[in-house]
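Observations on the model geometry
Spelled out, the chains give:
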Number of protein chains: 2
Amino acid sequence: MVSSVLKQISFFKDLSNSDLKKLFSIAGLKQYAAGQMVFAKADLGNNFFIVKTGRIKIFTTVGGGKKKTFAYLKKGDFFGEMSLLGGKVRSASAQAAEDSEVLVISKKNFKRLIIENPDFSLNLLQTLVERLHKANKDMESMLFHNILGRLAEAILDLSKDKHTKPVKMAIDQNELAQYLGTTRVPVCRAINTLKRAGIIDYRRGELVILNQARLQSMAGSD
Amino acid sequence: MVSSVLKQISFFKDLSNSDLKKLFSIAGLKQYAAGQMVFAKADLGNNFFIVKTGRIKIFTTVGGGKKKTFAYLKKGDFFGEMSLLGGKVRSASAQAAEDSEVLVISKKNFKRLIIENPDFSLNLLQTLVERLHKANKDMESMLFHNILGRLAEAILDLSKDKHTKPVKMAIDQNELAQYLGTTRVPVCRAINTLKRAGIIDYRRGELVILNQARLQSMAGSD
């Protein structure tokens, strides 16, 4: 039963039942209400986390209160590994974007998992590589694309796991601005440009993708 | 003897002698002349590389010939892991920045090293976390700093392993511009501003840091 719960979480789908039992026996479960912080940038990091339900936002803040959202994590995604493997303090903040349940694993048990379980390491490595790839793409995008191209990329990114046709998602303009690391005004202007071109529709916090192909070509290939 | 050679390479310093022998027995050695490509973005990736001597530049190109340098790798640094662990094609290009020798490990042997050797995985994980941290800092810097702050950060970054006093390094303006992902003109202007303020000196491709503290405060803390 334990393993059937965990097998639903993608991160664990490659692990054997005995490994899953071991993992579950060393993990605690914690609940966070929407808006609650899991940890803040510069905190000392002592735990590794796996999202069980809900949605966790990973972001950074800099002087002047500006924010940049790095990712929204959902069921099966992990976070908090960076300060356990590198510098000791959190390099970004984590906050529940909606009511969430999170598995918590101590630093000591996290290191043991890596040493005793090659599949766990391989999963970690693959995810870190994905995140590094996304970070490099984001950088390229910041350097070489204008705000319209970056917005197109962000919309495609955020809608990746939506399967309605046409793709619909709830997102407010502030969230979009933070995802791009910019302010509301230029994002609002870019949204209106995409609306006028018939590429998206956007009203009352709901975004609908009307022309996926044009959005993709604006975001640039690969 | 084999192990004493490899022990000089930081990546291997935590590995046991028997692990080192195993590694050495499965690695080939390849030489690249300055300017020669090791691989290009979008190539199929089949090998993992460790720098033995010289310097390897990792960069990306986008339409219009614009370039962004992600890193200069030296003795003990590895590269090429991304397409072995994630997507199959290279996400960036690798080129010898000077005459270099590189250890080459096949994809199959690379996966075996991860599965059979937890220390190897831990080393990989720690380095990927460092790179992700740097990428996130670079993004923050692009979003929230002006060109002067970014140049200050790049200079500190590139001079990290120089131990002369004052710190000196050979770097041309094009390389600096590519490191920032921008063009020569704004970088040239920013260099002149730093020179006039007495923070650096720069002539004939040699950069000298005159006031490290001010450079650090311009680059922003953390």
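In case you missed it, the structure is sitting above this.
Residues numbered from 1 in each chain as written. Chains lettered and ligands numbered in written order. Predicted model: local features only at pLDDT ≥ 70, side-chain atom pairs only at ≥ 80, totals over all residues.

**What about the overall build of chain A?**
Counting its regular elements, chain A contains nine helices and 11 strands. A compact globule built from 222 residues would reach a C-alpha radius of gyration of about 17 Å, and chain A, at 19 Å, matches this within 12%. If you line up chain A on its principal axes, its C-alpha atoms span 55 × 40 × 30 Å. Here chain A, with 222 residues, has 36% of them falling under the buried criterion. Taking the intrachain contacts of chain A between residues at least 6 apart in sequence as the baseline, contacts between residues at least 24 apart amount to 66%. (Helix = DSSP H or I, 4+ residues; strand = E, 2+ residues; numbered from the N terminus. Rg over C-alpha atoms; globule rule 2.2 N^0.38 Å. Buried ≥ 20, exposed ≤ 12 C-beta atoms within 10 Å, placed from the backbone. Contact = placed C-beta atoms within 7 Å.)

**A closer look at the relation of the copies chain A and chain B**
Take chain A, turn it by 180°, move it 0.0 Å along the axis, and it overlays chain B with an RMSD of 0.0 Å. On the angle and the small slide along the axis, the relation comes out as a two-fold axis. Within chain A, leucine 132 of chain A has its C-alpha nearest the rotation axis, a separation of 2.7 Å. In this assembly the copies share their binding face: 100% of the residues contributing to the interface of chain A also contribute to that of chain B. (Least-squares fit on C-alpha atoms with pLDDT ≥ 70 in both.)

**Looking at unusual backbone geometry**
Of the consecutive residues lysine 165 of chain A and proline 166 of chain A, the connecting peptide bond is found in the cis state with omega at 0°. Its identity is not glycine, yet alanine 42 of chain B carries a phi of approximately 80°, on the positive side. As for its position among the elements, alanine 42 of chain B is in the loop between strand 2 (37–39) and strand 3 (47–53). A residue is classified by how many C-beta atoms lie within 10 Å of it, and alanine 42 of chain B, with 13 of them, is partly exposed. For arginine 204 of chain B, which is not glycine, the phi dihedral falls at a positive 45°. Checked against the element boundaries, arginine 204 of chain B lands in the loop between strand 10 (200–203) and strand 11 (206–209).

**Remarks on the environment of leucine 85 of chain A**
On the secondary structure map, leucine 85 of chain A appears in helix 3 (residues 81–85). The sequence separation of leucine 85 of chain A and glycine 45 of chain A amounts to 40 residues, and the corresponding C-alpha distance is 9.9 Å. Aside from chain neighbours lying at most four places away, what touches leucine 85 of chain A is Leu125, Gln126 and Val129 of chain B.

**Some words on the interface of chain A and chain B**
The interface of chain A with chain B comprises 34 residues on the first partner and 34 residues on the second. Elements that contribute at least two residues to the side of chain A that touches chain B include exactly strand 4 (55–62), strand 5 (66–74), helix 3, helix 4 (107–116) and helix 5 (118–144) of chain A. Here the side of chain A that touches chain B gets 20 residues from one element, more than from any other, and that element is helix 5 of chain A.

**As for the sheet that holds strand 9 (residues 168–170) of chain B**
Residues and elements named next belong to chain B. Here three strands make up an open sheet; going across it, the order is 9-11-10 and the pairing antiparallel. Of all the strands in the sheet, just strand 9 and strand 10 have a single pairing partner and so form its edges. With strand direction ignored, the average angle separating the axes of adjacent strands in the sheet is 15°. Bridge analysis of strand 10 against strand 11 gives four bridges, and the strand direction is antiparallel. (Pairing = 2+ DSSP bridges. Axes fitted to C-alpha atoms, helices over the stretch in contact; angles between N-to-C directions.)

**Some remarks on the nonpolar core**
Counting 71 residues, the largest nonpolar core has Ile56, Leu125 and Leu128 of chain A together with Ile56, Leu125 and Leu128 of chain B as the members making the most contacts within it. Here leucine 128 of chain B is in contact with Leu125, Leu128, Val129 and Leu132 of chain A, once residues within four sequence places are set aside. (Core = buried A, V, L, I, M, F, W, Y, C linked by C-beta atoms within 7 Å.)

**Points about helix 6 (residues 147–158) of chain B**
All names here are of chain B. Between its first and last C-alpha atoms helix 6 spans 16 Å; for 12 residues at 1.5 Å apiece the expected length is 16 Å, and the two agree. Among the residues of helix 6, Arg150, Leu151, Ala152, Glu153, Ala154 and Ile155 are the ones counted as buried. Residues of helix 6 that are buried in the fold lie against helix 5 (118–144), helix 7 (173–180), helix 8 (184–196), strand 10, strand 11 and helix 9 (212–219). (Expected span 1.5 Å × (residues − 1).)

**Regarding the sheet that holds strand 10 (residues 200–203) of chain A**
Strand-to-strand pairing in sheets goes through backbone hydrogen bonds, with the strands running parallel or antiparallel. All names here are of chain A. Spatial ordering of the open sheet is given by 9-11-10, a layout of three strands whose pairing is antiparallel. A strand with exactly one partner marks an edge of an open sheet, and here the two such strands are strand 9 (168–170) and strand 10. Taken pair by pair, the neighbouring strands of this sheet meet at an average axis angle of 15°, ignoring direction.

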